Amino acid sequence: AKASPTPGEELVADGFSVLGKTSGITLYRHARSVGIEFAAEGDMPAAPERVRRVLLDFAAHTKWQDHVVESRVIDQGPDWADVYERPGLPVIEDRDYTLHVTWGEASGNVLWTKFVAKPGIGPAPVDGVTRVRSHGGAWKLLPVDDGKATHAVYRFYLDIESDLQNVMGSGQAESGIVDYFHEITGQLPNYP
């Protein structure tokens, strides 16, 4: 029987190229015609349920994510939330977006979370802040080590509608993704 493809093989099959491995995190980039698209995978020392609790605690994101100035849930249900966020991006003028976030479980106790920008919902636009219309992604949290740890696969795309986006799409975004994985791991003790 043929073995199932690894998460990395699935990313490559979806058009991603391997950029390299840093601090245990493998980084990938997709050549999009507009915007930037990255993916990453790595292990976290907690069960998938705990990792997802960190991801879904939107109100806490401003406390541990350097580039999130505002994050608040504006509506929610049992397996979805609409979340308004305003990132604080260096060099680029203010941006904001409202994400529709959904989550669930796939076979093999794999947890997933997906998000997509919904420009028509959320607070009214603010003067001087550009509303991001194209942003989305997903987390896939696979149990490893008998469910005591997680192999996390993260992918996202973003069009910040700026000429500086391709510059940001290189080293800064890559180091930011590695930092994001480590920041999530650093939050795990707060979610026993």
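Residues numbered from 1 in each chain as written. Predicted model: local features only at pLDDT ≥ 70, side-chain atom pairs only at ≥ 80, totals over all residues. Heavy atoms only, no water.

1. A word on the pattern of salt bridges
Line of reasoning, step 1. Across all of its chains, the model carries 7 salt bridges by this definition.
Line of reasoning, step 2. A salt bridge links lysine 140 to glutamate 10; the nearest nitrogen and oxygen atoms lie 3.0 Å apart. In this pair, lysine 140 sits in strand S9 (residues 134-144) while glutamate 10 sits in helix H1 (residues 7-13), placing the two residues 130 residues apart along the sequence.
Line of reasoning, step 3. Among the salt bridges present, the one from arginine 86 reaches aspartate 94, with a minimum N-O distance of 3.8 Å.
Line of reasoning, step 4. Here aspartate 94 falls in the partly exposed class, since its relative accessible area comes to 35%. (Salt bridge = Lys/Arg side-chain N within 4 Å of Asp/Glu carboxyl O. Helix = DSSP H or I, 4+ residues; strand = E, 2+ residues; numbered from the N terminus. Buried < 20%, exposed > 50% of the residue type's maximum accessible area, 1.4 Å probe, protein only.)

2. Overview of the environment of aspartate 82
Line of reasoning, step 1. By the element assignment, aspartate 82 lies in strand S5 (residues 80-87).
Line of reasoning, step 2. With relative accessibility at 10%, the residue aspartate 82 sits in the buried group.
Line of reasoning, step 3. Once the C-alpha coordinates of aspartate 82 and glycine 122 are considered, the two residues, 40 residues apart in sequence, prove to be 7.7 Å apart.
Line of reasoning, step 4. Setting aside anything within four residues of it in sequence, one finds aspartate 82 in contact with Arg72, Val73, Ile74, Asp75, Thr98, Leu99, His100 and Ile121. (Contact = heavy atoms within 4.5 Å.)

3. As for the environment of aspartate 75
Line of reasoning, step 1. Tracing the sequence through the fold places aspartate 75 in strand S4 (residues 68-77).
Line of reasoning, step 2. Considered as a pair, aspartate 75 and histidine 100 are 25 residues apart in the sequence and their alpha carbons are 9.4 Å apart.

4. Observations regarding the layout of surface pockets
Line of reasoning, step 1. Volume-wise, the second largest pocket comes out at about 200 Å³.
Line of reasoning, step 2. As for the second largest pocket, its lining consists of Pro7, Glu10, Leu11, Asp14, Trp112, Lys114, Ala138, Trp139, Lys140, Val153 and Arg155.
Line of reasoning, step 3. Looking at the lining of the second largest pocket, the elements with two or more residues in it are H1, strand S7 (110-117), S9 and strand S10 (149-159).
Line of reasoning, step 4. Looking at the lining of the second largest pocket residue by residue, the class counts come to 6 nonpolar, no polar and 5 charged. (1 Å grid on protein atoms, 1.4 Å probe; cavity = no way out; pocket = protein on both sides within 12 Å on 5 of 7 lines; lining within 4 Å. Points joined across faces, edges and corners; volume = space filled by probe spheres on them. Nonpolar A, V, L, I, M, F, W, Y, C, P; charged D, E, K, R; others polar.)

5. Brief notes about the pairing of strand S6 (residues 95-106)
Line of reasoning, step 1. Where S5 lies against S6, 6 bridges are found, and the strand directions are antiparallel. Opposite tyrosine 84, over in S6, you have threonine 98 as the bridge partner.
Line of reasoning, step 2. Looking at chain direction, S6 and strand S8 (residues 130-131) are connected through 2 bridges and run parallel. Bridged to arginine 95 within S8 is threonine 130.
Line of reasoning, step 3. Taken together, the 8 bridges between S6 and S7 define a ladder with antiparallel strand orientation. Bridge pairing in S7 links glycine 104 to tryptophan 112.
Line of reasoning, step 4. Counting the residues between successive antiparallel strands, the hairpin from S6 to S7 contains 3 residues, one of them, glycine 108, with a positive phi of roughly 80°. (Pairing = 2+ DSSP bridges.)

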